[in-house]
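Summary of the model geometry
Here are the chains, one letter per residue:
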Amino acid sequence: MSSSAPQKTVPQKVVIVGGGVIGVATAYRLRRDGHDVTLIEKEPGPGLETSFANGGQVSAGEVAPWAGPGVPTQALKWLGRTDAPLRLRLKADPAQWQWLWRFWRRCSLKAQRDGAERNVGLALLSRDILQETLDDLAAKGFDAEFDRKQEGILRVFASMAEVEHAAHEAERLEPFGLHQEKLSAAECVALEPALASAHQRGEVAGGVYSRSDQSGDAYKFTCALAAAAEDMGVNFLYGENVAKLERQGNRITHVRTNLRRLEADAVVLAAGVMSPHLLDGISLPVYPVKGYSVTLNVPDDGSAPKVSVTDEVRRIVVSRLGNRLRAAGQAEVAGYDKTVEHERAQSVLEAVRALFPALGEDLEPEFWCGLRPMTPDGVPVLGLAPDRDNLYLNTGHGTLGWTLAMGSAALLADLIAGREPKIDSENFSAARF
């Protein structure tokens, strides 16, 4: 993809709500088009919520929605387990029940394949845009160091039946431009020697390797991109809460915060799990799914993996971020609670230690949890909000925010500029709900 200057567009005053990787990427793309961009973030800096300590994977090979065959049965089996990969904590919250009902209805192989096929095109576009952006930043003298590793992502499975199923589903994505390889257990260990112990215990039957995928620190990238965007002229308003999107008819006229009132020609809502709460008269099924991560400082002695690994047995992802190892997992449908529960966090630590026992017990863990903005069908919501003339949605990415950020930003920029997007924006329209 060329990094030449984009075609000229009519400059607009655009206000973006949300300063995670999604919002910052959108700000960068819109400013690149020449718009007057203001970004509002309630935290004191960029990327301090869901983007802060995620699993680190930029994974076009893992775009299948969570809703799939067998999930309801597994969720019932896991009831009462504090270390359950998927835990439900039901509340007197109609939005939660409605979201769960829609999620359950998508738990079929056909629906899962549909979501994967919609997501993969956006993931591949995002990968191209990420490289284009890094080239642009380098040309401007910006250092966007984010512990990037371009060594692919390896998914490992405990049974050959799981390997064969995953390889078959991977083949279905080949026509979209994503190549993945089926590996034997021995080939998995040859690729990532730190898996040798798990292989010896019979826990690795084989894997699927997405060579073109990568990993990196989403928080570091978000901060670097925010600095570049600010240098280009984006106005960042940190520590401000959006109180209301003021409108006349179907048009948003102003964004009101606790400190000011901003006029807007267009508004982009990229506020993650809080996005539905800012929509007056519009229902948006984006609900928080809590996840945990643990970060360890690791020695460069071969005990920690260098290739990003997804362990489908323990339901964790593991990425090497410089001298750190990040493991992330767990899914908890429990509302907006961001409390780090020790048992849940500890289960992620125990899982990564079980997978890579050579890490030992002495490494000091740093625990974190965040709220993923999930849609029931596992596909983000991008484009104009229903019954609004100038309110654009960029939310609902779930676990794929880092993977889909740059492509989502480019798609939004195309729509705002009146250009034809490179992929079909109807795949992500809120009208599907």
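Residues numbered from 1 in each chain as written. Predicted model: local features only at pLDDT ≥ 70, side-chain atom pairs only at ≥ 80, totals over all residues. Heavy atoms only, no water.

This part is about the overall build of the chain. In terms of helices and strands, the chain carries 10 helices and 20 strands. The C-alpha radius of gyration computed for the chain amounts to 21 Å, which stays within 12% of the reference 22 Å derived for 433 residues, consistent with globular compactness. A principal-axis box enclosing the C-alpha atoms of the chain has dimensions of 65 × 50 × 45 Å. Here the chain, with 433 residues, has 58% of them falling under the buried criterion. At a minimum sequence separation of 6, the contacts of the chain that also span at least 24 residues come to 76%. When the accessible area of the chain is evaluated, it comes to approximately 17,600 Å², of which 49% is carbon and sulfur surface. (Helix = DSSP H or I, 4+ residues; strand = E, 2+ residues; numbered from the N terminus. Rg over C-alpha atoms; globule rule 2.2 N^0.38 Å. Buried < 20%, exposed > 50% of the residue type's maximum accessible area, 1.4 Å probe, protein only. Contact = heavy atoms within 4.5 Å. Areas by Shrake-Rupley, 256 points an atom, 1.4 Å probe, with all protein chains shown as cover.)

What follows covers the environment of P69. Its place among the elements puts P69 in the loop between β3 (57–58) and α2 (71–77). For P69, a relative accessible area of 48% corresponds to the partly exposed category. Sequence separation of P69 and C223 is 154 residues, and the distance between their C-alpha atoms is 38 Å. Other than its neighbours up to four places away in sequence, P69 contacts C107, S108, L109 and Q112.

Our next topic: the environment of A354. Checked against the element boundaries, A354 lands in helix α9 (residues 342–355). What makes A354 partly exposed here is its relative accessible area of 31%. Taking the C-alpha atoms as reference, A354 lies 8.1 Å from A198; in sequence the two are 156 residues apart.

The subject of this paragraph is the state of the cysteines. Using the criterion set out here, one finds zero disulfides in the structure. Not engaged in a disulfide, the cysteine C369 finds its nearest cysteine sulfur in C223; these two sulfurs lie 19 Å apart. C369 sits in the buried class, given a relative accessible area of 8%. (Disulfide = S-S within 2.5 Å.)

Turning next to unusual backbone geometry. If you check the backbone angles, D147 has positive phi at about 55 degrees while not being a glycine. Examined against the element boundaries, D147 turns out to sit in the loop between α4 (109–139) and β5 (153–157). Residue D147 is classed as buried on the basis of its relative accessible area, which comes to 12%.

Under the defined criterion, the tally for this structure stands at 38 salt bridges. Here R106 ties to D114 by a salt bridge, and the two come within 3.2 Å at their closest N and O atoms. A salt bridge links D300 to K306, with the nearest nitrogen and oxygen atoms 3.5 Å apart. Salt bridges sharing common partners tie together R87, R89, E332, E341 and R344. (Salt bridge = Lys/Arg side-chain N within 4 Å of Asp/Glu carboxyl O.)

Per-residue confidence for the chain gives a mean pLDDT of 95; residues scoring 70 or more make up 98%. Here residues 1–6 is a poorly scored stretch, pLDDT under 50, and it has 12 contacts once near neighbours within four places are set aside; other chains count. (pLDDT = per-residue confidence, 0-100.)

This part is about the environment of D114. Structurally, D114 can be placed in helix α4. Each C-alpha atom, one on D114 and one on D337, is 31 Å from the other, the two residues being 223 residues apart in sequence.

Looking now at the sheet that holds strand β12 (residues 261–263). With respect to topology, three strands assemble into an open sheet ordered β10-β11-β12, the strand pairing being antiparallel. With one partner strand each, in any of the chains shown, β10 (242–248) and β12 form the two edges of the open sheet. When the angles between neighbouring strand axes are averaged without regard to direction, this sheet yields 25 degrees. With three bridges joining them, strand β11 (residues 251–257) and β12 adopt antiparallel strand pairing. When the sheet's bridge partners are listed, H254 is paired in β12 with E263. (Pairing = 2+ DSSP bridges. Axes fitted to C-alpha atoms, helices over the stretch in contact; angles between N-to-C directions.)

A separate point is α4. Its 31 residues place the ends of α4 45 Å apart at the C-alpha level, agreeing with the 45 Å of an ideal helix rising 1.5 Å per residue. Positioned one or two residues after α4, G141 has a phi angle of 85 degrees, which is positive. (Expected span 1.5 Å × (residues − 1).)

With 56 residues, the main nonpolar core has I16, L30, F221 and L225 as its most contacted residues. Of all the secondary structure elements, the ones that give two or more residues to this core are β1 (13–17), α1 (21–32), β2 (36–41), α4, α8 (218–232), β13 (266–269) and α10 (401–417). What L30 contacts, discounting residues up to four positions off in sequence, is V14, I16, H35, V37, V268, A413 and I416. Ranked by size, the runner-up nonpolar core spans 32 residues in total, among them V189, L195, A198 and L325. (Core = buried A, V, L, I, M, F, W, Y, C linked by side-chain atoms within 4.5 Å.)

In this structure, T133 sits in helix α4. With a relative accessible area of 0%, T133 lands in the buried category. Those residues in contact with T133 that sit more than four places away from it in its chain are Y28, R29, L225 and M406.

Pairing is mixed in the open sheet, where six strands are placed in the order β9-β2-β1-β13-β20-β19. A strand with exactly one partner marks an edge of an open sheet, and here the two such strands are β9 (235–238) and β19 (381–384). The average undirected angle you get between the axes of adjacent strands in this sheet is 15 degrees. Pairing geometry for β1 and β13, over four bridges, is parallel. Residue pairing for β13: V17 is matched across the bridge by L269. Lying over the sheet, α1 contacts β1, β2, β9, β13 and β20 (391–395), oriented at roughly 170 degrees with respect to β2. Strand contacts of α10: β13, β19 and β20, with the helix running at about 170 degrees to β20, the strand carrying the most contacts.

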